[in-house]
Amino acid sequence: MYIRKRCAADDAPLAALWERSVRATHDFLAEDDIQLLFPLVRDAYLPSLEVWLLELADGTPTGFIGNAGDKVEMLFIEPAHRGQGIGRQLLDHVRTLQPRLSVDVNEQNPQAHGFYRHYGFEDVGRSETDGQGRPFPIIHMRLKAG
């Protein structure tokens, strides 16, 4: 497996990976939510973030992470590859560039919350709504010092 920086040609395959991952892990989202977010992920979020992807030897992406400075904005893994350390590898990579990370996690996604806690993040706050003002509570987390 190999980690490399995203290029513009990656946006469509990464958006498709995002959709598969969201459908496998974000059961609190309605179909309308996914359809609304998909073009934003592909056309706005991916191009505006520093995105790193982990790909197999054949070039197939298995996961990606997007950050804006020290904030992890997105981390998505191909459903068939979850639990294989890909998320940890991507976080480790970004951590070499930004040692003091923060992340916001949907409260309704306890697997992600548990993943980040296991990695070493701690809860530092909570918001009743997501960044777009929708009724999806967010847990604010920061990587523990040390």
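Note that this is a predicted model, so its numbers are computed, not measured.

Asker: Honestly, the side chain of serine 21 in this entry has me stumped. Any pointers?
Answerer: Looking at the secondary structure, you find serine 21 in helix 1 (residues 11–25). Here the side chain of serine 21 touches isoleucine 77 through a polar contact of 3.2 Å, landing on its backbone oxygen. Apart from the residues within four sequence positions on either side, serine 21 is in contact with Phe76, Ile77 and Pro79.

Asker: Help me out: how do you make sense of the pattern of salt bridges in this one?
Answerer: One side chain can pair with another of opposite charge once the charged atoms of both are near each other. Applying the stated rule across the entire model yields 13 salt bridges. Taking the shortest distance from any N to any O, the salt bridge between glutamate 31 and arginine 23 comes out at 2.7 Å. Overall, glutamate 31 belongs to the partly exposed group, its relative accessible area being 39%. Ionic pairing is found between aspartate 70 and arginine 142, a salt bridge with its closest N-O pair at 3.9 Å. Of this pair, aspartate 70 sits in the loop between strand 3 (61–68) and strand 4 (71–77) while arginine 142 sits in strand 7 (residues 138–143); the two residues are 72 residues apart in sequence, bridging distant segments of the chain. A relative accessible area of 31% places aspartate 70 in the partly exposed class.

Asker: Quick question: what am I supposed to make of the layout of surface pockets here?
Answerer: Over the atoms, a rolling probe the size of a water molecule traces out where space has been left empty. Quantified by volume, the largest pocket comes out at close to 1,200 Å³. Surrounding the largest pocket, 47 residues form its lining, His26, Glu73, Met74, Phe76 and Asn106 being those nearest its centre. Among the secondary structure elements, those contributing two or more residues to the lining of the largest pocket are helix 1, helix 2 (31–48), strand 4, helix 3 (86–97), strand 5 (102–106), helix 4 (110–119) and strand 7. In terms of residues, the lining of the largest pocket owes the most to one element, strand 4, which gives seven residues. Tallied by class, residues from the lining of the largest pocket come to 22 nonpolar, 18 polar and seven charged.

Asker: What is the right way to look at the pairing of strand 7 in this model?
Answerer: Two faces make up the sheet, and in a regular strand the side chains alternate between them. Note: strand 5 against strand 7, five bridges, orientation antiparallel. Residue pairing in the sheet places aspartate 104 in a bridge with histidine 140 of strand 7. Here strand 6 (residues 121–127) pairs with strand 7 via six bridges, running antiparallel. Bridge pairing links arginine 126 to isoleucine 139 in strand 7.

Asker: Which parts of the structure should I look at to understand the nonpolar core?
Answerer: Where a protein is soluble and globular, its nonpolar side chains tend to be buried together. In this structure, Ile65, Leu91, Tyr116 and Phe121 are the most contacted members of the largest nonpolar core, which totals 20 residues. Elements that contribute at least two residues to this core include exactly strand 2 (50–55), strand 4, helix 3, strand 5, helix 4 and strand 7. If one sorts the elements of this core by residue count, helix 3 sits on top with four residues. With near-sequence residues (within four places) excluded, tyrosine 116 lies in contact with Val72, Leu75, Leu91, Val103, Val105, Phe121 and Met141. Counting residues in each nonpolar core, the second largest holds 19 residues, with Val22, Phe28, Ile34 and Leu37 among its members.

Asker: Explain the environment of serine 48 here, please?
Answerer: Relative to the helices and strands, serine 48 resides in helix 2. Exposure remark for serine 48: the relative accessible area of 55% places this residue in the exposed category. Side-chain polar atoms of serine 48 contact the backbone oxygen of alanine 44, separated by 3.0 Å.

Asker: Looking at this structure, I do not really get the sheet that holds strand 6. What am I missing?
Answerer: Backbone-to-backbone hydrogen bonds pair the strands of a sheet. The strands run either parallel or antiparallel. Read across the sheet, seven strands follow the order 1-2-3-4-5-7-6 without closing on themselves; strand pairing throughout is mixed. Because the sheet does not close on itself, it has two edges, and the strands there are strand 1 (2–5) and strand 6. Each neighbouring strand pair of the sheet contributes to a mean axis angle of 30 degrees, computed without reference to strand direction. The pairing of strand 2 with strand 3 spans six bridges and is classified as antiparallel. Residue glutamate 50 lies in a different strand from strand 3, and its bridge partner there is asparagine 67. Contacts between helix 1 and the sheet are confined to strand 2, strand 3 and strand 4, with strand 3 contributing the most and set at about 95 degrees to the helix. Helix 2 contacts strand 2, strand 3 and strand 4 of the sheet and is inclined by roughly 125 degrees relative to strand 4.

Calculation criteria
- Residues numbered from 1 in each chain as written.
- Predicted model: local features only at pLDDT ≥ 70, side-chain atom pairs only at ≥ 80, totals over all residues.
- Heavy atoms only, no water.
- Helix = DSSP H or I, 4+ residues; strand = E, 2+ residues; numbered from the N terminus.
- Polar contact = N/O pair within 3.5 Å; in protein donor to acceptor, adjacent residues only side chain to side chain.
- Contact = heavy atoms within 4.5 Å.
- Salt bridge = Lys/Arg side-chain N within 4 Å of Asp/Glu carboxyl O.
- Buried < 20%, exposed > 50% of the residue type's maximum accessible area, 1.4 Å probe, protein only.
- 1 Å grid on protein atoms, 1.4 Å probe; cavity = no way out; pocket = protein on both sides within 12 Å on 5 of 7 lines; lining within 4 Å.
- Points joined across faces, edges and corners; volume = space filled by probe spheres on them.
- Nonpolar A, V, L, I, M, F, W, Y, C, P; charged D, E, K, R; others polar.
- Pairing = 2+ DSSP bridges.
- Core = buried A, V, L, I, M, F, W, Y, C linked by side-chain atoms within 4.5 Å.
- Axes fitted to C-alpha atoms, helices over the stretch in contact; angles between N-to-C directions.

Note that all results are geometric; they support no functional claim without further evidence.
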